[in-house]
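Structural description and commentary
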Amino acid sequence: MATTDEAEGVSGPLLVDGFLEDRTYQRKLADAALETHTLVCLPTGLGKTTVSLLVTAERLAGDAVNKSLLLAPTKPLVTQHAEFYREALEVPDDEIVVYTGDTRPDDRADLWSGARVVVATPEVVENDLVGNRVDLTDVVHCTFDECHRATGDYAYNYIAERYHDEARDPLATGMSASPGDDEEAILEVCGNLGLAQVEVMTEDDADVAAYTHETTVDWERVELPETVIEIRDAINDVIEDRLSKLRELGVTNTSKPDVSEREIQKIQGKLRDLMNNDQSEGYEGMSLLAEVRKLRTAVTYAETQSVESLRRYFERQKQAARSSGASKADQRMVSEPKVREAIRRAEEYDDLHPKFRRTRMLIAQTLGIEDGERVIVFTESRDTAETLTDFLGEHFQTRKFVGQSDTEGSDGMTQNEQQETLDEFRAGEFEVLVSTSVAEEGLDVPEVDLVLFYEPVPTAIRAIQRKGRTGRQTEGAVSVLLAEDTRDEAYFWKARNDQKRMEEELRSLKSMAGEIESELTQTGMDEFAAAGAEEIPGDQPAPHETGGEAASDGEEVATGSEDDATEAEGAEAEPEESATASQPSVGGGEGAGGDTDGDNTGGDDDGQAGLDAFAGEADPDESGDDSADRDEPDGEVATASADDETVEVVVDQRELDASIAKDLSRQDGVETRLETLAVGDYVLSDRVVVERKTVADFLDTLTGGDERSLFEQLTDAARYYARPVVVIEGEDLYGERNVHPNAIHGALASIAVDFGASVLRTSDEGETRDLLATVASREQEEEDRTVSVHGEKSSKTLAEQQEYVVGSVAEVGPVTAESLLAEFGSVEAVMTADADELTAADGVGEVTAERIREVVGSDYDG
């Protein structure tokens, strides 16, 4: 282990002499982590990364082929860790590589092979493991930073499973200041990562206390203006009305607008039961519940953020309601008179939320009267972050710090912009950093004099992360703004109580180390040992961050778990599927492309998931830490072949959103490979391509909600593959949507008769996985066929493009479009013809003609 010299600091194999300050508690933790797979718990700002580095240096020194893998949830954190390792280790800089979705897959493979230390976001490593681009054999130390994220289907879990199974000499270290809200959550993290012992250092430990300082926490109450209360009450009236209708359906006994999230979950469960029984009340209720969630989000904006944020939110909802795939909940909400009145009043309101003035006052006190130097303001909403930055910029030197994903009306920050902003903040070039939660976890944000929570966060983990930005070198201060008589107060006390419980749990874990380690050894490592030999279940839990602990931009403020709104809103179109045996259907795939090989984490760059803890209004581009960190398709066509001992399944990058590829990669005798497929989702041989459609996707094709028609995809699949297959995954094909059975029959008949494709039914992702493995085995082992990826998307001819333009007008459709173009000769002539002239075309009656003229000739009212 590393040695110390009081004058020179820490020294040892591969360590830069004297670079690391000698801290006894760090050496103790590193010594323990060298013994076995360890969860290291240490308060924020006290050098968890140094502990990991000490272990890495010791492990790498043993053999020149040894590698270390350090995983962190965001790209800024990855960059920060890499810079620290390059400064602290006697390893050439080009052998300490950064590995994220910004790096091309082929380049990542080369970087991996030449690296001693890889610092990476977990999603790209997960994807490269699925695609067999990297090999964990020589990785002798794997660090999971911010390891409290290792729940649900987060990428850490899959990587840990593969690491323990494949590395010749594995050693795993998990690091977190806040590993879980209770003992059960901490044990879950340990089990998922294969950790066998817990090492805890708290601020009560003498070795640690010398490096911490008292942090005071004050909460500042503000009163809502009368106008804001009236806007909120109008929205609450609509919530009460929708809940009354749900009560009439028999799924709840309350109509109070402040209904708890627990009650909403119960309502959702009862509605699912109705849907599973094919009762129309279930679908009706899910639509109402989706509207309730959206309205609760609006209330949260009004109460806790700003009227400006509320205006932006309502504008997004109006745009969603006007879109082609708008749900009934969207349309009903924006057309409701009381909601329209609330929107009108919000648009007329020209004042800011009282939190803005209180924020300005507290910052002025810190920077002026108390002669402070730096302040961080945390907010859940990117809308609020941008408005606050403009407001505070009139009085202080202020910059914003948000995630990388662009949202409607808001540009994200590139990785370089984020790094420059942090560097300038550290250098004292500005005083106030307004950040969404991208700055919460682990980033080396400098010591600040005040951390201001624009609103409380509902989980202890995130409160601890934020609080850790101060009180490192000197006494620090935390202020939390609370809007009186709003959910702000409930979330503040929840986080406060959870934090006390977490601290007690950590102390308990510290005192019960032997018992905990015994339980981990029996339940966790035994499961890892067996995982490689057992068949992996098909259904994987959905990614989630309990209570909003994930970090994402507050694109929309929320009121429940991250998954909730998606399930409620989608339930009208996508009820939960129940498993039954797969059913073969009519006989004879299609195409897809795209490379989603990126950092798709369960949280986001900023504070969205915290707001999603309120209502679950997650934006796909703002969920997880770097969900926008994706490889762009490069259009390359790849070929591959299976050897005699395994069968190979080539997977399109975009299919990584499902668990199928990961589950296939776990199976003995199956090798998965990721490619950017121009045709199909899965290639199983030189003649079999598979297009996978969930029931909802398939029905979208029939109702015009699919971006690229299944029939276009089948045209490409049939052109390049002799045996195209369409897999329709899910239950209740004929009952999930209000689509006439004859339309479904017609589509299935067309797939089989017109395109010669086989249609196979599966109930869930697990059955789809098994079906793909079976077909691949039959093709490659029994038929001795090789895997060959070929084909490209066909571009529309000019005539097809013209038919598409005319057919999209007022839902004219392809047949009538052909008739109109045949009659008038050009798109322009169709568009300029009057209603009487239009009826001259076959199949165009007065109603259709008037509808065309209305769409073409009416003024645009955005």
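Take helix 9 (residues 226-248) next. Compared with the 33 Å implied by 1.5 Å per residue over 23 residues, the 33 Å span of helix 9 between its first and last C-alpha is a close match. Of all the positions in helix 9, only V228, I231, R232, A234, I235, N236, V238, I239, R242, L243, S244 and L246 are classed as buried. The secondary structure elements touched by the buried residues of helix 9 are helix 10 (261-276), helix 11 (280-305), helix 12 (307-322), helix 13 (328-335) and helix 14 (337-348).

Below, the discussion takes up the environment of V739. Note on placement: V739 falls in the loop between strand 22 (723-729) and helix 26 (741-753). Classification of V739 as buried rests on a relative accessible area of 13%.

Another aspect to go through is the sheet that holds strand 9 (residues 197-200). The parallel open sheet is built from seven strands, whose spatial order is 5-6-4-7-8-3-9. Of all the strands in the sheet, the pair left with one neighbour each is strand 5 (96-99) and strand 9. In this sheet, neighbouring strand axes are inclined to one another by 20° on average, regardless of whether the strands run parallel or antiparallel. Taken together, the four bridges between strand 7 (residues 139-145) and strand 8 (residues 172-176) define a ladder with parallel strand orientation. The partner of D145 across the bridge, within strand 8, is M175. Packing of helix 4 (residues 105-114) onto the sheet brings it into contact with strand 4 (67-71), strand 5, strand 6 (117-120) and strand 7, and relative to strand 5 it is tilted by some 155°.

So, about unusual backbone geometry. Among all residues save glycine, negative phi is the norm, and among peptide bonds the norm is trans. Phi at D732 takes a positive value of approximately 60°, unusual for a residue other than glycine. For D732, the location among the structural elements is in the loop between strand 22 and helix 26. Exposure remark for D732: the relative accessible area of 30% places this residue in the partly exposed category. A positive phi angle is found at D784, which is not glycine, with a value near 55°. Within the secondary structure, D784 is located in the loop between helix 27 (765-782) and helix 28 (798-807).

Below, the discussion takes up the packing of helix 9 against helix 11. Remark: helix 9 packs on helix 11, axes separated minimally by 9 Å, with the N-to-C direction vectors making an angle of 165°. Relative to helix 11, the element helix 9 lies roughly antiparallel. In this structure, helix 9 meets helix 11 at a crossing whose hand is left-handed. Contact residues: helix 9 offers V228, R232, I235, N236, V238, I239, R242, L243, K245 and L246, while helix 11 offers G285, L288, L289, E291, V292, L295, R296, A298, V299, A302 and E303.

Our focus in this paragraph is the packing of aromatic side chains. This structure, assessed with the given rule, holds 11 aromatic pairs. Ring geometry for Y313 against F314: centres 6.0 Å apart, planes inclined by 50°, an arrangement best described as tilted. Across the pair, exposure class does not vary: Y313 and F314 are buried alike. An aromatic cluster is defined as three or more aromatic residues linked by ring pairs; in this entry it consists of F19, F84 and Y85.

What follows concerns a negative patch on the surface. A grouping of D834, D836, E837, E846, E850 and E854 is seen on the molecular surface, where their side chains present a negatively charged patch. Sort the elements by how many residues they give to the negative patch and helix 32 (residues 846-857) lands first, with three residues. Looking at the element boundaries, E837 is found in helix 31 (residues 835-838).

A few words now on the side chain of Q197. Mapped onto the secondary structure, Q197 falls in strand 9. We classify Q197 as buried; its relative accessible area is 8%. Here the side chain of Q197 touches A32 through a polar contact of 2.9 Å, landing on its backbone oxygen.

The strand order across the open sheet built from six strands is 19-18-20-21-22-23, with neighbouring strands paired in mixed fashion. A single partner strand is all that each edge strand has here, and the edge strands are strand 19 (670-675) and strand 23 (758-762). Pairing of strand 20 (residues 682-683) with strand 21 (residues 688-694), which is carried by two bridges, proceeds in the antiparallel orientation. Bridge assignment links Y682 to a residue of strand 21, and that residue is V690.

For the chain, the mean per-residue pLDDT works out to 77, and 75% of the residues sit at or above 70. In the predicted structure, residues 468-474 sits below a pLDDT of 50 and forms 38 contacts with residues beyond four places in sequence or in another chain. Across residues 529-643, confidence stays below pLDDT 50; counting only partners more than four residues off in sequence or on other chains, it has 458 contacts.

With that settled, the discussion passes to the pattern of salt bridges. Applying the stated criterion across every chain yields a total of 54 salt bridges. Between D241 and R242 there is a salt bridge whose closest N-O contact spans 2.5 Å. A relative accessible area of 3% places R242 in the buried class. A salt bridge links D330 to K294, with the nearest nitrogen and oxygen atoms 3.1 Å apart. One end of the pair, D330, is in helix 13; the other, K294, is in helix 11, with 36 residues separating them in the sequence. A residue is classified by how much of its surface remains accessible, and K294, at 4% relative accessible area, is buried. By sharing partners, the salt bridges in this structure join E308, R311, R312, R316, D383, E386 and K400 into a single network.

Another aspect to go through is the nonpolar core. Note that soluble globular proteins tend to have their nonpolar side chains buried in a common cluster. Ranked by size, the top nonpolar core spans 55 residues in total, and within it L69, L71, V125, F144 and L193 carry the most contacts. Among the elements that take part in this core, helix 6 (residues 155-166) stands out by supplying five residues, more than any other. In terms of nonpolar packing, the next biggest core, distinct from the first, is built from 40 residues, L243, I264, M286 and L289 among them.

The next subject is helix 4. Within the span of helix 4, buried status applies to P105, R108 and W112. In a view along the axis of helix 4, the buried residues occupy a sector of 45°, so they form one face of it. With respect to the buried face of helix 4, the exposed residues turned more than 90 degrees away are D110 and S113. Turning to helix 4, the residues buried within the fold contact strand 4, strand 5, strand 6, helix 5 (122-130) and strand 7.

Basis of the calculations
- Residues numbered from 1 in each chain as written.
- Predicted model: local features only at pLDDT ≥ 70, side-chain atom pairs only at ≥ 80, totals over all residues.
- Heavy atoms only, no water.
- Helix = DSSP H or I, 4+ residues; strand = E, 2+ residues; numbered from the N terminus.
- Expected span 1.5 Å × (residues − 1).
- Buried < 20%, exposed > 50% of the residue type's maximum accessible area, 1.4 Å probe, protein only.
- Contact = heavy atoms within 4.5 Å.
- Pairing = 2+ DSSP bridges.
- Axes fitted to C-alpha atoms, helices over the stretch in contact; angles between N-to-C directions.
- Parallel < 35°, antiparallel > 145°, perpendicular 65-115°, else oblique.
- Left-handed = near helix turned anticlockwise from the far one by under 90°.
- Phe/Tyr/Trp six-rings, centres within 6.5 Å; stacked < 30°, edge-to-face > 60°.
- Patch = residues over 30% accessible without salt bridge, like charges linked within 9 Å, V, L, I, M, F, W, Y side chains within 5 Å.
- Areas by Shrake-Rupley, 256 points an atom, 1.4 Å probe, with all protein chains shown as cover.
- Salt bridge = Lys/Arg side-chain N within 4 Å of Asp/Glu carboxyl O.
- Lys, Arg positive; Asp, Glu negative; His and termini not counted.
- Charge placed at Lys NZ, Arg CZ, Asp CG, Glu CD.
- Polar contact = N/O pair within 3.5 Å; in protein donor to acceptor, adjacent residues only side chain to side chain.
- pLDDT = per-residue confidence, 0-100.
- Core = buried A, V, L, I, M, F, W, Y, C linked by side-chain atoms within 4.5 Å.
- Arc of directions from axis to C-beta.

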